[in-house]
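Breakdown of the fold
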Amino acid sequence: MSLDLTLIWVVLIATAVFLYVAMDGFDLGIGILFPAVPAKADRDVMVNSVAPVWDGNETWLILGGGGLFAVFPLAYVTILPALYMPLILMLLALVFRGVAFEMRFRMVTARGQLWWDRAFSWGSYVAAFCQGIALGALVQGIRVEGRAYAGGWWDWLTPFSLLTGVALVTGYGLLGACWLIWKTGGELQIRAYRLARPLGFATLLLIAIISLVMLLLSVPFRERWLSFPGILLGAPVPLLVGLLALRFQRALERREEVMPFLCALGFFLLSYIGLGISLWPTIVPPDITIWAAATHPSSQAFLLAGAAVLVPMVLGYTAYVYWLFRGKVTPETGYH
């Protein structure tokens, strides 16, 4: 029973984290693209396209972090000391960005709005970059002695974590561009098409580079991906990424509106699956497994009863909001 509950919680938390990355990714991507879209009217449309959903998107981050704290306390108390700096910077950037989101519409001077636009964009860059750094630091491994973090204050800052930071900023920019293709029209949509092509190429290139570096980074990673029978499980992932890249290219050439966004989400999903294959069954690489980090089965069962009520509610609310605000965003409509 303990094994089953632990696996259920792994799926729930992994799903919450992916939903956060997918939903808040295009939201952060809007701010990342601000420097490439200087016109105030276009920036207003960009912000209006995510105004109804941006705060709800971050609910999944809370669910993922709360679930980790409640169900995998050993992982929580190990990961946080190792990643205090990037995680604190990420949270501060999200708060700063949220304030800028509101304040940019309240400014009566062009100079004031310019600075709040910069705050919105800078907050998006810092939040995305710090998320990528935290991911890279986790993947490369956290030093543990006994049941406590044994690394240094700056262990999270490595060339690999910086690379993953850049990759996530680029990927979020791609999601933002594809979201604008879907939700906007006119010159802004044309600009989004132009941005999506190089961002898509850069994202795929960075995925390939990080995948190769991960194989060099860890012997267990190489064994899972290059030895039998692990290669049978892992081989479809890069093949599907290649096929999806061709579909993405075709969607841009045909000026399709929804498919580029779906393809961009597919890149993230396949990368997420590949990451899961690499790390399984550890939750704190290289040594702490999901079962070693899990709380008592009775606690998992108690918490699962609450999650069975809360998660469908959040899913229902999220689906309703996206349905309610479906359709194109124009300069005449949106948040004020």
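Treat the numbers as computed from the prediction; the structure is a model and nothing was measured.

**Section: the environment of Val 99**
Note on placement: Val 99 falls in helix α6 (residues 84-103). Owing to a relative accessible area of 40%, Val 99 belongs among the partly exposed residues under this scheme. Counting along the chain gives 205 residues from Val 99 to Leu 304, while the straight-line C-alpha distance between them is 34 Å.

**Remarks on the packing of aromatic side chains**
Scanning the entire structure with this criterion turns up 15 aromatic pairs. Between Trp 154 and Trp 156, the ring centres sit 5.6 Å apart and the planes meet at 35°, which makes this aromatic pair tilted. The exposure class assigned to Trp 154 is exposed, which follows from its relative accessible area of 52%. Note on Trp 182 and Phe 261: the rings are 5.5 Å apart at their centroids and 45° apart in plane angle, and the pair reads as tilted. You can see Trp 182 sitting in helix α8 (residues 159-183) and its partner Phe 261 sitting in helix α13 (residues 259-279), a full 79 residues away along the chain. Overall, the relative accessible area of 6% leaves Phe 261 in the buried class. Members of the aromatic cluster, each reached through a chain of ring pairs, are Phe 26, Trp 179, Trp 182, Phe 261 and Tyr 322. Lying over the aromatic face of Tyr 193, Arg 255 brings its terminal NZ or CZ to 4.3 Å of the ring centre. Geometry around Trp 323 places Arg 326 over its ring, the cationic atom sitting 4.1 Å from the centre.

**Considerations on the pattern of salt bridges**
Close approach of charged atoms allows side chains of opposite charge to pair. The tally for this structure, following the rule as stated, stands at 6 salt bridges. With a shortest N-O distance of 2.5 Å, Asp 27 and Arg 97 are connected by a salt bridge. You can see Asp 27 sitting in helix α1 (residues 2-32) and its partner Arg 97 sitting in helix α6, a full 70 residues away along the chain. Here Asp 27 and Arg 97 have matching classes, each one buried.

**Overview of unusual backbone geometry**
With omega at 5°, the peptide bond leading from Trp 280 into Pro 281 counts as cis. Between Pro 285 and Pro 286 the backbone carries a cis peptide bond, its omega angle lying at 5°. With respect to the helices, strands and loops of the structure, Pro 286 is situated in the loop between β3 (282-284) and β4 (288-289). Even without a glycine there, the phi angle at Arg 255 is positive, about 60°. Tracing the backbone through its elements, the reader meets Arg 255 in the loop between α12 (236-253) and α13.

**Focus: the nonpolar core**
Core analysis: the biggest nonpolar cluster contains 61 residues, and Phe 26, Ile 30, Met 46, Tyr 172, Leu 175 and Phe 248 have the highest contact counts within it. Tallying contributions element by element places α1 first for this core, with 11 residues. What Met 46 contacts, discounting residues up to four positions off in sequence, is Ile 30, Leu 33, Phe 34, Val 37, Leu 180 and Leu 188.

**Brief notes about the UniProt feature "transmembrane region" (unreviewed entry) in the protein chain**
Within this structure's numbering, the places UniProt gives as "transmembrane region" (unreviewed entry) are residues 6-39, 83-101, 122-142, 162-182, 194-219, 225-246, 258-281 and 301-325. Within residues 162-182, the helical portion is 100% and the strand portion 0%, while the C-alpha atoms at the span's ends are 31 Å from each other. Secondary structure content for residues 258-281 is 88% helix and 0% strand, and the end C-alpha separation is 35 Å.

How each quantity is defined
- Residues numbered from 1 in each chain as written.
- Predicted model: local features only at pLDDT ≥ 70, side-chain atom pairs only at ≥ 80, totals over all residues.
- Heavy atoms only, no water.
- Helix = DSSP H or I, 4+ residues; strand = E, 2+ residues; numbered from the N terminus.
- Buried < 20%, exposed > 50% of the residue type's maximum accessible area, 1.4 Å probe, protein only.
- Phe/Tyr/Trp six-rings, centres within 6.5 Å; stacked < 30°, edge-to-face > 60°.
- Lys NZ or Arg CZ within 6 Å of the ring centre and 35° of its normal.
- Salt bridge = Lys/Arg side-chain N within 4 Å of Asp/Glu carboxyl O.
- Core = buried A, V, L, I, M, F, W, Y, C linked by side-chain atoms within 4.5 Å.
- Contact = heavy atoms within 4.5 Å.
- UniProt positions renumbered as here; feature names shortened; annotations may be inferred.

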